[in-house]
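# Survey of secondary and tertiary structure
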Amino acid sequence: MNKIHLDEYDKKIVELLQQDSSISNIDLSKKIGLAPSSCLLRVKNLREQKLLKQFTVIVDEKLLGFEITCFAKVYISPLNKEATTAFIEQANMIPEIVECYTITGDAAFLLKIVAKSFEYYRNFIFDKLLNIPFVSNIDTSIVVSAEKDTNRIPLN
């Protein structure tokens, strides 16, 4: 994958969009000191280069009743292409799994899971996660507090 070179204007655009993707083009152009048309062209170019993947909203899961956030290491047996493909397909259909990573080490996957309560999570493990074919073990860590929670990528 080719790295993209960002000039100072592009960096400012990306920084501001990472802070608030709903910022208007007019406000964005004022903050970085470019004409609105130039700013719009730069944003379009950053999207075409796939640096800007999407504009989205970050929801506060606690306000929707998801009080528990967990990270679960999932072990697969046997560890092969068929098993990992089957797991990924199933994981993508479960809304409580908000992130899924293939990892190195003993476990095959690291999941970020949201749950409404400890009981909800227990039921989730037994009713959903352990019912996925090839899952042999799950090692869960429950988040006590988030000391840093960001989606911003450093630009320097």
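The model shown is predicted, which means the values in this text are computed figures rather than measured ones. (Residues numbered from 1 in each chain as written. Predicted model: local features only at pLDDT ≥ 70, side-chain atom pairs only at ≥ 80, totals over all residues. Heavy atoms only, no water.)

## A look at the overall build of the chain
Definition in use: Comment: elements are numbered from the N terminus, with helices defined as DSSP H or I runs of at least four residues and strands as E runs of at least two. Only protein chains enter the accessibility calculation, which uses a 1.4 Å probe. A residue is then buried if its area is under 20% of the maximum for its type, exposed if over 50%, and partly exposed in between. The contact rule is simple, with two residues in contact once any of their heavy atoms fall within 4.5 Å. Positive charges come from Lys and Arg alone, negative charges from Asp and Glu alone, with His and the N- and C-terminal ends not counted. We put the charge of a Lys on NZ, of an Arg on CZ, of an Asp on CG and of a Glu on CD.
Assigned secondary structure in the chain consists of five helices and four strands. In terms of overall dimensions, the chain has C-alpha extents of about 55 × 35 × 25 Å along its principal axes. The 156 residues of the chain split such that 30% are buried. Pairs at least 24 residues apart make up 65% of the contacts formed inside the chain by residues separated by at least 6 positions. Side chains of the chain give 19 positive and 20 negative charges; the mean places of these two sets differ by 7 Å.

## Details of helix 4 (residues 81-91)
Filter applied, for reference: An arc is given here, and it is the one of the directions from the helix axis to the C-beta atoms. In protein, a polar contact means a hydrogen-donor-capable atom and an acceptor-capable atom, both N or O and within 3.5 Å, with residues adjacent in sequence counting only if both atoms are side-chain atoms; elsewhere, any N or O pair within 3.5 Å suffices.
Among the residues making up helix 4, those that are buried are A83, T84, A86, F87 and A91. An end-on view of helix 4 places all buried positions within 160 degrees of arc, on one side of the element. Along helix 4, exposed side chains directed more than 90 degrees from the buried face belong to K81 and E82. Two to three positions downstream of the cap, the backbone nitrogen of E82 sits 3.2 Å from a side-chain oxygen, assigning the N-cap of helix 4 to N80.

## Considering the pairing of strand 3 (residues 109-115)
Regular strands place side chains that alternate from one sheet face to the opposite one. Stated precisely, the cut-off is as follows: Paired strands, in this sense, are two strands between which DSSP finds at least two bridges.
For strand 3, the buried fraction is high: six of the seven residues fall into the buried class. Relative to strand 3, strand 1 (residues 68-76) is paired through seven bridges, and the arrangement is antiparallel. Counted as the bridge partner of C70 is I113 from strand 3. Across five bridges, the pairing between strand 2 (residues 97-102) and strand 3 is antiparallel. What sits directly across from C100, in strand 3, is L111. Counting the residues in the hairpin turn of strand 2 and strand 3 gives six residues, including G105, whose phi is positive at 105 degrees.

## A look at the side chain of T69
Along the chain, T69 falls in strand 1. Owing to a relative accessible area of 8%, T69 belongs among the buried residues under this scheme.

## Description of unusual backbone geometry
Across residues other than glycine, the phi torsion is negative in most instances, and most of the peptide bonds are trans. Cis geometry marks the peptide bond from S77 to P78; its omega dihedral reads -5 degrees. Topologically, P78 is positioned in the loop between strand 1 and helix 4. Positive phi, normally seen in glycine, also occurs at K50, with a value near 70 degrees. Its place among the elements puts K50 in the loop between helix 3 (36-48) and strand 1. Residue F134 is not a glycine yet carries a positive backbone phi of 80 degrees. Tracing the chain through its elements places F134 in the loop between helix 5 (118-127) and strand 4 (135-142). We classify F134 as partly exposed; its relative accessible area is 27%.

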